[in-house]
Amino acid sequence: LVLPISNHREEIVAFLTREMYSSNTRNKYIIFPAGKSLPVYPTHRRTKSLILVEGIFDVLNLVDKECTLPVSAIFGTKTFINNIESKLQYYLVNGLQSVIILLDNDKAGNSTAEQIKQGLDGLGVKVAIANSLLPDSKDPGDLDREEVALLTKQLVDILEKL
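On a predicted model such as this, the values are computed, not experimentally measured, just so you know.

Peer 1: Could you give an account of the packing of aromatic side chains, naming the residues involved and the relevant values?
Peer 2: What the rule picks out here adds up to 1 aromatic pair. Between Y90 and Y91, the ring centres sit 5.4 Å apart and the planes meet at 80°, which makes this aromatic pair edge-to-face. The residue whose ring lies beneath R18 is F57, and the NZ or CZ to ring-centre distance is 4.9 Å.

Peer 1: Break down the sheet that holds strand β1 (residues 2-6) for me, citing the residues and quoting the values.
Peer 2: Note: strands within a sheet are paired through backbone hydrogen bonds, in either parallel or antiparallel orientation. In spatial order, the strands read β1-β2-β3; together these 3 strands make up an open sheet with antiparallel pairing. Bordering the open sheet on either side are β1 and β3 (29-32), each of which pairs with just one other strand. Averaged over neighbouring strand pairs, the angle between their axes works out to 25° when direction is ignored. Strand direction decides the pairing type here: β1 and strand β2 (residues 12-18), joined by 5 bridges, are antiparallel. What sits directly across from P4, in β2, is F15.

Peer 1: Just give me the short version of the sheet that holds strand β5 (residues 71-73), but keep the residues and values in it.
Peer 2: The 4 strands are arranged β5-β4-β6-β7 in an open sheet whose pairing can be described as parallel. Across the chains shown, the open sheet's two edge strands, defined by having one partner strand only, are β5 and β7 (126-129). The average undirected angle you get between the axes of adjacent strands in this sheet is 25°. Where strand β6 (residues 98-101) meets β7, 4 bridges bridge the pair, whose relative direction is parallel. Along β7, the bridge assignment pairs I101 with I129.

Peer 1: So what's going on with the nonpolar core? Residues and values would help.
Peer 2: With 25 residues, the main nonpolar core has I51, L62, F75, L102 and L155 as its most contacted residues. When residues of this core are traced back to their parent elements, those giving at least two are β2, β4 (49-53), α1 (56-64), β5 and α6 (145-161). Among the elements that make up this core, the one with the highest residue count is α6 (4 residues). If near-sequence neighbours (up to four positions away) are discounted, L155 is found in contact with I51, L69, I100, L102, A130 and L133. In terms of nonpolar packing, the next biggest core, distinct from the first, is built from 17 residues, V40, Y91, L96 and L103 among them.

Peer 1: Go over unusual backbone geometry, please, and point to the residues and values.
Peer 2: In this structure, P33 follows F32 across a cis peptide bond, with omega equal to 0°. Structurally, P33 is set in the loop between β3 and β4. The phi torsion at E10 lies on the positive side, around 65°, for a residue other than glycine. Looking at the element boundaries, E10 is found in the loop between β1 and β2. Residues other than glycine seldom take positive phi values, yet E66 does so here, at roughly 75°.

Peer 1: How would you sum up the pairing of β2? Please name residues and give values.
Peer 2: Here β1 folds back onto β2 in antiparallel fashion, the turn holding 5 residues, of which E10 has a positive phi close to 65°. Note: β2 against β3, 4 bridges, orientation antiparallel. In the sheet register, L16 faces β3, and the bridge partner there is I31.

Peer 1: Describe the side chain of S98, listing the residues and the values that go with them.
Peer 2: Here S98 lies in strand β6. The contact partners of S98, leaving out residues within four places of it in the chain, are K48, S49, L50, V125, K126, L159 and L162.

Procedures and definitions
Residues numbered from 1 in each chain as written. Predicted model: local features only at pLDDT ≥ 70, side-chain atom pairs only at ≥ 80, totals over all residues. Heavy atoms only, no water. Phe/Tyr/Trp six-rings, centres within 6.5 Å; stacked < 30°, edge-to-face > 60°. Lys NZ or Arg CZ within 6 Å of the ring centre and 35° of its normal. Pairing = 2+ DSSP bridges. Helix = DSSP H or I, 4+ residues; strand = E, 2+ residues; numbered from the N terminus. Axes fitted to C-alpha atoms, helices over the stretch in contact; angles between N-to-C directions. Core = buried A, V, L, I, M, F, W, Y, C linked by side-chain atoms within 4.5 Å. Buried < 20%, exposed > 50% of the residue type's maximum accessible area, 1.4 Å probe, protein only. Contact = heavy atoms within 4.5 Å.

Right, dumping it as structure tokens:
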């Protein structure tokens, strides 16, 4: 599978490939050009809130299951944590007010969500971590339609309180 990844100006900046039917888990994802830092994707115009998930398959599953909230992938946490302000610059200059972090509900996901929250705290946006809303051992890419419907309602409630 090959996905073109575009920036906020709708310019294709990279291609993300994913090996779908191989036991090779080490190189499951390949970015071309190699080493290219991917933007937060997809871009949501004129949004005051944003739901951040780790990968594109998390976004695709939530959208496919009719989540109507602005969900974007950060394409890996390490690169995002080190460049939070620049990765979110488009949104920040366009009035971003709130962010919900929705990573895997495990030790690594919760630790990373806290690091992202700390990075966002100084940027003038309200932040919530919603990892605990996910069912045990599921990430956003694994949810079925009913789970996505429930999650969407819970995320709307969080946004209304932020």
